[in-house]
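# Analysis of the macromolecular model
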Amino acid sequence: MRLHDTPIALVAGALALSPLAAGHSLENPALGGLQRRAGAGSKCGPAGGNAVCDDGLCCSEAGVCGTGGGFCTAPGCLLAFGPACDGNKRPSGADTSNTPRPRFGSVPFGVDVSSCTVPGKLALTFDDGPYIYTSALLDLLKKKNARATFFVTGNNAGKGAINDPNSGYAPILQRMIAEGHQIGSHTWSHENLDSLTPEFRRKQFVYNEIALVGVLGVFPSYFRPPYTVCNADCYAELGALGYKVVNYDVDPKDWEDGGAKSHQIFTSAIDSGRQSEYLVLAHDVQPFTVDGFAEFMIDKAQAAGFEIVPAGECLGEPESQWYRDPKTGAARSARGAGPVEEPEPEPSKKPDTTPTGTGGVKRPVITPTPVPTFKVTELPRNSTSTAEPTKGSSTITTAAAATTTTGTSTGTASSQETGAAGVARPGTFLGLLGLGAALVLA
Ligand SMILES: [Zn+2]
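Residues numbered from 1 in each chain as written. Predicted model: local features only at pLDDT ≥ 70, side-chain atom pairs only at ≥ 80, totals over all residues. Heavy atoms only, no water.

## So, the overall build of the chain
What the chain contains, in helices and strands, is 11 helices and 17 strands. Evaluated residue by residue, the chain yields a buried proportion of 59% over its 442 residues. Considering only residue pairs separated by 6 or more positions, the chain has 75% of its internal contacts joining residues 24 or more positions apart. Element-wise, carbon and sulfur atoms account for 54% of the exposed surface of the chain, whose accessible area totals about 15600 Å². (Helix = DSSP H or I, 4+ residues; strand = E, 2+ residues; numbered from the N terminus. Buried < 20%, exposed > 50% of the residue type's maximum accessible area, 1.4 Å probe, protein only. Contact = heavy atoms within 4.5 Å. Areas by Shrake-Rupley, 256 points an atom, 1.4 Å probe, with all protein chains shown as cover.)

Below, the structure is given as structure tokens:
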């Protein structure tokens with residue numbers, strides 16, 4: 001079953017059907033009418049008559065209300081039906097919704113760009129992080145004198161918000177900048193953008209900006225859609241928001257079958273004799289990639305004479321045009337910009353992190369993800385992938401199921417247990433890591 005067939009993809013369509021149901025219901029402006037509410041352990045979303053979980057609860061991909069990673073982790077948690085989904089948690093920091101979006105540079109806005117343009121340069125891009133392997137990848141890149149682009153996701157796989165000090169990821173992002181890499185946006189919580197209403201889709205862009213400003217002092221003007229899924233409306237919005245949309249022309253499928261075909265795909269691309277334009281997709285959430293394949297790609301590309309640079313550079317733009325100032329929207333270098341500390345939104349304000357329309361959202365306690373101090377050599381190499389391709393991307397499991405679950409355990413809630421397409425299942429190394437996360441890759 002392909003991603004488009006999963007319940008997530010049905011969310012947008014289900015919104016218009018919103019049945020009125022017995023039991024406690026309330027007005028939900030975000031969903032366009034009265035919605036039946038559901039408590040912990042009850043069904044929600046399309047599987048539950050479009051019921052919306054009570055405040056503080058998440059709606060798992062399997063359609064059950066609860067709390068904890070098995071219910072709340074992005075991207076499985078159903079945003080429209082789970083007020084407390086990680087993807088609905090607004091990061092702290094000043095809103096960037098009204099930041100001006102002047103145009104600058106030579107790369108077009110809101111248009112798919114899939115190949116580099118500067119001869120002799122090759123771009124390696126790593127999606128879905130930062131994650132527990134990213135520091136090791138940065139070590140490798142430094143050793144090999146290679147610079148890359150990281151399309152980062154703000155809060156996926158249960159890792160916590162990237163600008164939350166408890167998550168431990170801010171220093172890794174700052175290191176990327178200090179060492180000459182590029183950071184682009186890969187959305188807040190790695191949803192299928194075409195499955196979301198415009199309101200939820202916009203938050204996927206803006207929330208990541210808010211968090212990145214808190215870490216870097218700027219936010220990216222470069223973007224890659226999760227799963228490479230972004231319809232015409234989505235591209236139009238990205239253009240209006242001043243994003244340069246970078247895809248790829250080499251996909252070694254490092255997420256599929258433990259990278260079984262990755263070496264062959266990359267070798268064939270390099271050996272084809274093309275002397276420029278390579279723009280390569282990979283993932284720093286994949287132990288396979290960080291523990292060997294990235295080095296293979298670097299060695300192969302450098303031996304062929306390529307300079308490995310960030311996507312922005314292989315497209316002919318200087319670093320000063322890769323980011324925006326959060327206030328003026330003007331092009332601004334991330335070097336020396338520094339993080340911006342902003343106060344939390346006023347408590348009296350209605351949070352915009354939930355579609356319930358009730359206000360007073362009970363934010364669940366976030367269990368801090370361990371600070372990523374893993375070394376690549378400690379990772380087992382026999383990870384299991386359950387990936388299925390979706391436009392050059394797919395889902396794998398990279399860590400264990402939730403460590404805490406407070407919803408009624410009926411054996412149906414955890415997305416890791418369903419075995420549905422687009423849903424992660426534990427691999428052989430999951431117990432070793434002991435971290436709650438299921439990553440969907442693109
Ligand atoms: Zn991705």
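And the narrative resumes.
## Regarding the nonpolar core
If you look at the biggest cluster of nonpolar residues, it comprises 69 residues, and the most contacted ones within it are Leu 122, Leu 124, Phe 150, Leu 173 and Ile 183. Setting aside its immediate chain neighbours within four residues, Leu 122 contacts Ile 270, Tyr 278, Val 280, Ala 301, Phe 306, Glu 307, Ile 308 and Val 309. Membership of the second largest hydrophobic core comes to 33 residues, among which are Cys 59, Leu 196, Phe 205 and Tyr 235. (Core = buried A, V, L, I, M, F, W, Y, C linked by side-chain atoms within 4.5 Å.)

## Things to note about the pattern of salt bridges
Applying the stated rule across the entire model yields 19 salt bridges. As a salt-bridge pair, Glu 313 and Lys 121 come within 3.0 Å of each other at their nearest N and O atoms. Placement of the pair is Glu 313 in helix α9 (residues 311-314) and Lys 121 in strand β7 (residues 121-127), with a sequence separation of 192 residues. Each member of the pair, Glu 313 together with Lys 121, is buried. Glu 237 is the salt-bridge partner of Arg 202, the closest N and O atoms lying 2.4 Å from each other. Remark: Glu 237 occurs in helix α6 (residues 232-240) and Arg 202 occurs in helix α5 (residues 198-216); sequence separation between them is 35 residues. Via salt bridges that share partners, Lys 121, Arg 147, Glu 307 and Glu 313 belong to a single interconnected network. (Salt bridge = Lys/Arg side-chain N within 4 Å of Asp/Glu carboxyl O.)

## Here's the deal with the state of the cysteines
Scanning the model with the defined rule gives six disulfides in all. Here Cys 53 engages in a disulfide with Cys 65; their sulfurs sit 2.1 Å apart. Because the sign of the S-S torsion sets the handedness, a value of about -90° for the bond joining Cys 53 and Cys 65 places this disulfide among the left-handed ones. Of the two residues, Cys 53 sits in strand β3 (residues 52-53) while Cys 65 sits in strand β5 (residues 65-66), which places them 12 residues apart along the sequence. For the residue pair Cys 53 and Cys 65, the accessibility class agrees, reading buried in each case. (Disulfide = S-S within 2.5 Å.)

## Concerning the packing of aromatic side chains
Here a ring pair, both rings aromatic, is described through the centre-centre distance and the interplanar angle of the planes. All chains considered together, the criterion is met by 12 aromatic pairs. Taking 6.4 Å as the distance between ring centres and 80° as the angle between the ring planes, the aromatic pair formed by Phe 266 and Phe 293 counts as edge-to-face. One end of the pair, Phe 266, is in helix α7 (residues 262-271); the other, Phe 293, is in helix α8 (residues 287-303), and 27 residues separate them in sequence. Taken as a pair, Phe 266 and Phe 293 share a single burial class, namely buried. For the ring pair Tyr 278 and Phe 306, a centre distance of 5.3 Å and an interplane angle of 85° mean the geometry is edge-to-face. With a gap of 28 residues between them, Tyr 278 in the loop between α7 and β13 (279-283) and Phe 306 in the loop between α8 and β14 (307-309) connect regions that are remote in the sequence. Under the relative-accessibility criterion, Phe 306 is labelled buried at 7%. (Phe/Tyr/Trp six-rings, centres within 6.5 Å; stacked < 30°, edge-to-face > 60°.)

## Concerning α8
With 17 residues, α8 should reach 24 Å at 1.5 Å per residue; the first-to-last C-alpha distance of 24 Å fits that figure. Helix geometry: α8 is bent most strongly at Phe 293, by close to 50°. By the burial criterion, the buried members of α8 are Pro 287, Phe 288, Thr 289, Val 290, Asp 291, Phe 293, Ala 294, Met 297, Ile 298 and Ala 301. Packed against the buried residues of α8 are β7, α3 (134-143), α7, β13 and β14. (Expected span 1.5 Å × (residues − 1). Bend = angle between axes of the 7 residues up to and from the residue.)

## Considerations on the environment of Ala 136
Within the secondary structure, Ala 136 is located in helix α3. Sequence-wise, Ala 136 and Asp 291 are 155 residues apart; in three dimensions their C-alpha atoms are separated by 8.5 Å.

## A short note on helix α4 (residues 170-178)
Those residues of α4 that sit buried are Ala 170, Ile 172, Leu 173, Met 176 and Ile 177. Seen along its axis, α4 keeps its buried residues to an arc of 165°; they face one direction. Away from its buried face, by an angle of more than 90 degrees, α4 presents the exposed residues Pro 171 and Ala 178. On its buried side, α4 packs onto α3, β8 (149-152), β9 (182-185), α5 and β15 (323-324). Looking one or two residues beyond α4, the residue adopting positive phi is Gly 180, at roughly 85°. (Arc of directions from axis to C-beta.)

## Digging into the environment of Ala 148
Assignment of secondary structure puts Ala 148 in the loop between α3 and β8. For Ala 148 and Gly 312, which are 164 residues apart along the polypeptide, the C-alpha to C-alpha distance reads 9.5 Å. Contacts of Ala 148, omitting those with residues within four sequence positions, involve Leu 124, Phe 126, Leu 141, His 181, Gln 182 and Pro 310.

Shape descriptors only; they carry no functional weight alone.
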